[in-house]
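Structural features, examined
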Amino acid sequence: MIRTSRLGPFRLTTKVPGDKSISHRSVMFGSIAEGVTEIEGFLLGADCLSTIHCFRQMGVEIERTSPTSVRVKGKGFAGLAEPRVPLDVGNSGTTIRLLLGILAGSSIFATLVGDESIGRRPMGRVVKPLRRMGAVIDGRRDGSYTPLAVRGSKLTGIRYESPVASAQVKSCLLLAGLKAEGMTTVIEPSRSRDHTERMLPAFGCQVEVRDREVSLAGGQHLSAARVQVPGDISSAAFLLAAALVVPGAEVTIEDVGLNPTRTGILDALAMMGAKIQIEETGSWCNEPVGRVTVTAGELQGATIGGELIPRLIDEIPILAVVATQAKGTTVIKDAEELKVKETNRIATTVNELRKLGAKIEETEDGMIIEGPVVLSGGRCDSHGDHRIGMAMAIAGLAAEQEVIVEHTEAIDVSFPGFVNKIHEMELNQIRKLGKTY
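What comes next is a walk through the structure. (Residues numbered from 1 in each chain as written. Predicted model: local features only at pLDDT ≥ 70, side-chain atom pairs only at ≥ 80, totals over all residues. Heavy atoms only, no water.)

**Observations concerning helix α12 (residues 345–355)**
Formally: For every residue, the accessible area (1.4 Å probe, protein chains only) is compared with the maximum for its type, and the residue is labelled buried under 20%, exposed over 50%, or partly exposed between those bounds. To qualify as a helix, a DSSP run of H or I must reach at least 4 residues; to qualify as a strand, a run of E must reach at least 2; elements of each kind are numbered from the N terminus. By the criterion applied in these results, polar contacts are pairs of N or O atoms within 3.5 Å in which, for protein atoms, one can donate a hydrogen and the other can accept it, and in which residues neighboring in sequence qualify only through two side-chain atoms.
The buried fraction of α12 is high, at eight of eleven residues. For α12, the complete set of buried residues consists of R345, I346, A347, T348, T349, V350, E352 and L353. Looking at where α12 begins, the residue whose side-chain oxygen comes 3.2 Å from the main-chain nitrogen of I346 is N344. Two residues or fewer after α12 comes G357, characterised by a positive phi angle close to 90°.

**Structural notes on the environment of S414**
Using the following cut-off: The contact definition used throughout considers only heavy atoms, calling two residues in contact when any of these lie within 4.5 Å.
With respect to the helices and strands, S414 occurs in the loop between β25 (403–406) and α14 (418–427). With 339 residues separating them in the primary sequence, S414 and K75 have C-alpha atoms 27 Å apart. Excluding residues within four positions of it along the chain, S414 makes contact with P17, K20, L43, S235, H386, R387 and M390. Within the local environment of S414, its side chain forms a polar contact with the side chain of H386, the two groups lying 2.7 Å apart.

**What to know about α14**
Short version of the rule: Throughout, the arc means the angular range of directions from the helix axis out to the C-beta atoms.
Taken together, the buried positions of α14 are F418, K421, I422 and M425. Seen end-on, α14 carries its buried residues on one side only, within an arc spanning 105°. On its buried side, α14 packs onto β1 (2–4), β2 (11–14), α9 (233–245) and α13 (386–395).

**Describing the packing of aromatic side chains**
This is how the line gets drawn: Two rings belonging to Phe, Tyr or Trp (six-membered ring only in the last case) form a pair when the distance between their centres is within 6.5 Å. Interplanar angles under 30 degrees mark stacking, angles over 60 mark edge-to-face geometry, and anything in between is tilted.
Per the stated rule, a full pass over the model turns up two aromatic pairs. Judged by centre distance (5.9 Å) and plane angle (90°), the ring pair of F29 and F203 falls under edge-to-face. In this pair, F29 sits in helix α1 (residues 20–32) while F203 sits in the loop between α8 (195–199) and β14 (208–210), placing the two residues 174 residues apart along the sequence. With a centroid separation of 5.5 Å and an interplanar angle of 65°, the aromatic rings of F415 and F418 are classed as edge-to-face. A relative accessible area of 0% means that F415 is categorised as buried.

**Comments concerning the pattern of salt bridges**
Oppositely charged side chains can pair when the atoms bearing their charge come close. What counts is decided by this rule: Counted as salt bridges are all cases of a side-chain nitrogen of Lys or Arg within 4 Å of a carboxyl oxygen of Asp or Glu.
Summed over the entire model, instances satisfying the criterion amount to 30 salt bridges. Among the ionic pairs, R131 bridges to D142, the shortest N-O distance being 3.4 Å. Of this pair, R131 sits in helix α5 (residues 124–132) while D142 sits in helix α6 (residues 140–143), placing them eleven residues apart in sequence. Residue classification places R131 among the partly exposed positions, given a relative accessible area of 27%. Taking relative accessible area as the criterion, D142 reaches 54% and is therefore assigned exposed. Between R291 and E279 there is a salt bridge; the shortest N-O distance is 2.5 Å. Of this pair, R291 sits in strand β19 (residues 287–295) while E279 sits in strand β18 (residues 275–284), placing them twelve residues apart in sequence. With a relative accessible area of 42%, E279 lands in the partly exposed category. A cluster of three or more residues bridged by salt bridges with shared partners is formed by R193, D314, R345, D385 and R387.

Okay, here's the thing in structure tokens:
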């Protein structure tokens, strides 16, 4: 449970935990590479720990060398051992979908399971194209849902036009393509997160990228690498949003990832009139990194949809919170993908914000928010979804009375230490004449 209440103006300069998507991939690629991969800035959240657990079950030695450092002793594809028990991915969609790609071309048999949420998430979007490559996969409803059983087999590269812009689908097929004969090409309707195609070259793999098309040749072997994981922009979004719902506030996030396929939230906030300063300070493992500062100011409603949505899909719940404080109407559309996340995030976001007095309506592919409104206090539920839990906690910073968010254990999936960041905001309220405002 988290309790938050209205804050006065504050200034906060901080960092956020490592990027979840990059952390997953660093362990996966390190495990199927040859040699020792050193990872710094690793996110030791529940989802990424599920990835570590699965590869340990396949005989990969992975050790934690500091609170945010991990060493992976890669075994190569051929060195993966057949697990004696089902691989449990917990709540991690990234783990199960990318792991399916790796296992499809391996020489082993494995069964994959997850929690109740994973049991509801669609797996056919990766199983069907993998079967076209020659993969042998079975599962509930003909492989549409977990549990899934995979028997590694000989694969052939395909040219696949994905009906959805999904980094998980793209990455799954590219990883299968490493063991396939010939070329594997994935074409998306719009460009999704590109962490896989950025990181694979750091492990010695040649990848060809042309706009919405990504290709690689089969038969390539990965070599160990050193990976520095930048701060997660999706986690940063919640703290940056706090600066926009608290008048007079300012938040600076340092060493945060600025991958353009992930910074849609910054573009959306800028469309609404947010004051944003971005300074790129370097590149870590082909990922741009820098500093972002957001300052409170008057916001305007905006229409957010189209190709912007894949670049901010995980940030829509907190974007909806910000929209409650913007003048006019904010329309979020083309976001059907939210229905198959940890929860139906469209319905859940709308229902939970209504509890706080927000003027918000659900649509078939998004939501409509009217603002600004003064949020009331109340009791919310994360429904086991880390991003819903954090969004409602931030909403409490602009509410008239205390907001209580229940079932917040899931926040550790992506942002361990989130509550401490709220406390930092409270401690950094601007003091005038000996009082805190």
